[in-house]
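Summary of the model geometry
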Amino acid sequence: MDVRELAARIDHTNLNPDATIRDIERLCEEAKQHGFRAVVVNPIWVPYVVRLLRGTEVRICAAINFPIGGSSTLAKVVEIRNLKAMGCDDVDFMVNVGYLKSGMLEEFRRDVEEQVRAADGMVTKAILETAVLTEDETVLAARICEEAGVDYVKNSTGWGKGGPATVEVIRLLRRSVSPKVRVKASGGIRDAKTALALIEAGADLIGTSRGVEIVKGMESQEKGGGY
């Protein structure tokens with residue numbers, strides 16, 4: 001895999017609560033410059049990102065119910081419909097982990113199903129927050145999400161208890177779903193070596209705020225004969 005192929009798998013992210021419009025402008029410029037797959041922002045920035053990326057191939061992704069995972073289904077459905085109307089391509093949504101850990105599986109399933117239905121063609125990525133789940137809970141959550149129609153399962157928000165992406169958890173997610181569902185790795189991915197190891201383990205996408213450092217590091221290694 002060369003640097004261009006890696007960049008095309010990166011969702012370039014800024015979900016910091018104190019991000020400014022200047023930070024979002026920089027994020028979009030970097031995505032255009034390096035050929036990243038998408039930018040991922042909080043919903044308030046979507047109208048600006050739509051304007052900044054008009055005419056480019058960079059996808060627009062918003063993260064919702066992030067990072068706590070405690071919003072009502074109705075609140076999420078309304079927000080997803082609004083994001084679609086504004087021009088979003090993807091939505092990364094935090095599942096309601098409390099339902100899962102309480103054994104409220106039908107509530108968990110309906111919550112995911114309603115969000116997928118609201119997305120109405122947008123790419124959906126369900127964030128499982130695997131660091132707070134047992135292995136059995138991770139497998140169960142991933143399978144329910146597949147049955148509910150999600151496009152991707154994702155390991156972590158990268159915030160709080162979310163924990164970093166590891167080769168082990170990405171392999172587990174890959175084994176837990178069929179080939180029609182893809183896997184996104186997120187959390188603590190700061191260099192090309194880590195990103196490539198996660199892709200080797202089964203990740204289709206890399207979510208990171210360090211996209212620029214990753215591709216520049218890979219470019220340097222390629223020039224030096226590494227990787």
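In this report, the structure presented in the accompanying data block is examined. Everything quoted here is computed from the prediction, not taken from an experiment.

So, how was this worked out
Residues numbered from 1 in each chain as written. Predicted model: local features only at pLDDT ≥ 70, side-chain atom pairs only at ≥ 80, totals over all residues. Heavy atoms only, no water. Helix = DSSP H or I, 4+ residues; strand = E, 2+ residues; numbered from the N terminus. Buried < 20%, exposed > 50% of the residue type's maximum accessible area, 1.4 Å probe, protein only. Axes fitted to C-alpha atoms, helices over the stretch in contact; angles between N-to-C directions. Parallel < 35°, antiparallel > 145°, perpendicular 65-115°, else oblique. Left-handed = near helix turned anticlockwise from the far one by under 90°. Contact = heavy atoms within 4.5 Å. Polar contact = N/O pair within 3.5 Å; in protein donor to acceptor, adjacent residues only side chain to side chain. 1 Å grid on protein atoms, 1.4 Å probe; cavity = no way out; pocket = protein on both sides within 12 Å on 5 of 7 lines; lining within 4 Å. Points joined across faces, edges and corners; volume = space filled by probe spheres on them. Nonpolar A, V, L, I, M, F, W, Y, C, P; charged D, E, K, R; others polar. Expected span 1.5 Å × (residues − 1). Arc of directions from axis to C-beta. Salt bridge = Lys/Arg side-chain N within 4 Å of Asp/Glu carboxyl O. Right-handed = clockwise from strand over helix to strand, strands pointing away. Pairing = 2+ DSSP bridges.

Once that is clear, we can look at the side chain of Thr124. Counting through the fold element by element, Thr124 comes out in strand β5 (residues 123–127). Accessibility expressed as a relative area gives 1% for Thr124, which makes it buried.

So, on to the packing of helix α4 (residues 73–86) against helix α6 (residues 105–119). Contact geometry for α4 and α6: axes closest at 8 Å, N-to-C directions at 20°. In terms of orientation, α4 lies roughly parallel with respect to α6. Where α4 crosses over α6, the two elements pack in a sense that is right-handed. Taken together, the residues of α6 that come into contact with α4 (itself represented by Thr73, Lys76, Val77, Ile80, Arg81 and Lys84) are Asp111, Glu114, Gln115, Ala118 and Ala119.

Glancing now at the side chain of Arg109. For Arg109, the location among the structural elements is in helix α6. Here Glu147 takes part through its side chain, which lies 2.5 Å from a polar atom of the side chain of Arg109. In this view, Arg109 contacts Ile144, Glu147 and Ala148; residues no more than four positions away in its chain are not counted.

For the largest pocket, the calculated volume is near 360 Å³. If you go around the largest pocket, you meet 21 residues; those closest to its centre are Thr157, Gly158, Trp159, Thr208 and Ser209. Secondary-structure elements contributing two or more residues to the lining of the largest pocket are β1 (10–14), β7 (182–186) and β8 (205–208). For the lining of the largest pocket, the residue count by class is 5 nonpolar, 11 polar and 5 charged. Taken as a whole, the second largest pocket encloses approximately 160 Å³ of empty space. The wall of the second largest pocket is formed by His12, Thr13, Asn14, Asn16, Asp23, Arg26, Leu27, Glu30, Ser209, Val212 and Glu213.

What follows is about α4. An ideal rise of 1.5 Å per residue puts 20 Å on 14 residues; α4 measures up with 20 Å between its terminal C-alpha atoms. Those residues of α4 that sit buried are Lys76, Val77, Ile80 and Leu83. For α4, the angular spread of buried residues about the axis comes to 130°, placing them on one side. Away from its buried face, by an angle of more than 90 degrees, α4 presents the exposed residues Leu74, Arg81 and Ala85. Buried residues along α4 sit in contact with α3 (46–52), β3 (59–64), β4 (90–94) and α6. Two residues or fewer after α4 comes Gly87, characterised by a positive phi angle close to 115°.

Contact pair helix α7 (residues 135–148) / helix α8 (residues 167–176): the axes reach a minimum separation of 9 Å and the direction vectors enclose 45°. In this view, α7 runs oblique relative to α8, as classed from their interaxial angle. Read as a crossing pair, α7 and α8 show a hand that is right-handed. Side by side, α7 and α8 meet where Glu135, Thr138, Val139, Ala142 and Arg143 of the first sit next to Leu172, Leu173 and Ser176 of the second. Residue classes in the contact of α7 with α8 are distributed as 4 nonpolar, 2 polar and 2 charged.

This part takes up the pattern of salt bridges. Summed over all chains, the structure comprises 18 salt bridges. With its nearest N and O atoms 3.0 Å apart, the salt bridge here joins Asp23 to Arg26. Taken together, the residues Asp23 and Arg26, both in helix α2 (residues 21–34) and 3 residues apart, mark about one turn of the helix. Put simply, Asp11, Arg37, Arg59, Asp90, Asp92, Lys125, Lys154 and Lys184 are held in one network by salt bridges that share partners.

What follows covers the pairing of β3. Buried residues dominate β3, accounting for 5 of its 6 residues. With α3 bridging strand β2 (residues 38–41) and its parallel neighbour β3, the resulting β-α-β unit is right-handed. Bridge analysis of β3 against β4 gives 4 bridges, and the strand direction is parallel. Considered in β4, the bridge of Ala62 is made with Val91. Regarding topology, α4 serves as the crossover connection from β3 to the parallel β4, and that connection is right-handed.

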